[in-house]
Amino acid sequence: MIVNEVKRKLANGQVVIGSFVFVSSATLTEIIGLSGFDFVVIDMEHGPVDIGVTENMIRAAELVGVTPFVRVSHNTSHLILRALDVGAQGVHVPDIGDAESARAMVASVKYSPEGHRGLGGVRAAKYGLQDSLAEYAATANQETMVIAHIEHVKAIEKLDELLIIEGIDVYFVGPTDLSNSLGIPGQTKDPKVVNLVEDAIKRIAAAGKTPGCIAADSEKARHYIDLGARYMATHAVKLMATGCQQFIKEVLL
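Residues numbered from 1 in each chain as written. Predicted model: local features only at pLDDT ≥ 70, side-chain atom pairs only at ≥ 80, totals over all residues. Heavy atoms only, no water.

This part covers the layout of surface pockets. Looking at the largest pocket, its volume works out to about 640 Å³. Taken together, 24 residues form the lining of the largest pocket, with Pro175, Thr176, Thr188, Ile214 and Ala216 sitting closest to its centre. Looking at the lining of the largest pocket, the elements that each hand over two or more residues are α9 (175-181), α10 (191-206) and α11 (218-227). Counting residues per element, the lining of the largest pocket draws most heavily on α10, at four residues. Looking at the lining of the largest pocket, its residues break down into ten nonpolar, six polar and eight charged. (1 Å grid on protein atoms, 1.4 Å probe; cavity = no way out; pocket = protein on both sides within 12 Å on 5 of 7 lines; lining within 4 Å. Points joined across faces, edges and corners; volume = space filled by probe spheres on them. Helix = DSSP H or I, 4+ residues; strand = E, 2+ residues; numbered from the N terminus. Nonpolar A, V, L, I, M, F, W, Y, C, P; charged D, E, K, R; others polar.)

Put into structure tokens, the structure is as follows:
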């Protein structure tokens, strides 16, 4: 199994930076890697990306040395299994709100004795052609990352119980969904949302865990890092669109 460089960097206390991609494009995935990002999150929750396209996007990521993760649409074993079997080195799992859902997520990612993920000669295991499945399973349990999305006000209320769950690598705070859970969808600059996000990042870091968050620009990303976030994501498509708009604006001055 490929060594998870993101996991290595986080273990060394480094900050890692990646991008979500919600369009069905191996080419865009490759460009994200060539741009210098540490990881790419192939988004199967928001957008048209299916499992076959995901497999090829993972191949593109591997080609340029960027760590591929997949955001699944639900915290269910078969969706997590399929994402990992085609080669994802970790999963983003939405709406983890209590200890029960967190334990179920971890169990779906890990092979026995740490979990109940189904084992077979799949792509992630090099089709069973190079290593024994026993060796693969043991390595996968060490290398595969679990990224829990903290994106509802109720999850913030239960954050302390989530922080003691074994097997979670990153607690990823989602400002947009938090705003939705507060009844002010999309108003991520509202003080209620800002305070919840900042407080969550600080609490996660204080517990000795890894906080993650998403930012639309470098200033916001730097702010979250200063608060303790070490797993930072953005949207490359949004960055590209913003750059295009800025170019047009400057040309037409």
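Back to the text.
Before going further, it helps to examine the packing of helix α4 (residues 77-85) against helix α5 (residues 99-109). Orientation of α4 relative to α5, taken along the N-to-C sense of each, is 40°, at an axis distance of 9 Å. In this view, α4 runs oblique relative to α5, as classed from their interaxial angle. Helix-helix and strand crossings are classified by hand; for α4 and α5 the assignment is right-handed. The segment α4 lies against α5, with Ser77, Ile80 and Leu84 engaging Met105, Ser108 and Val109. Across the contact of α4 with α5, the residue classes tally to four nonpolar, two polar and no charged. (Axes fitted to C-alpha atoms, helices over the stretch in contact; angles between N-to-C directions. Parallel < 35°, antiparallel > 145°, perpendicular 65-115°, else oblique. Left-handed = near helix turned anticlockwise from the far one by under 90°. Contact = heavy atoms within 4.5 Å.)

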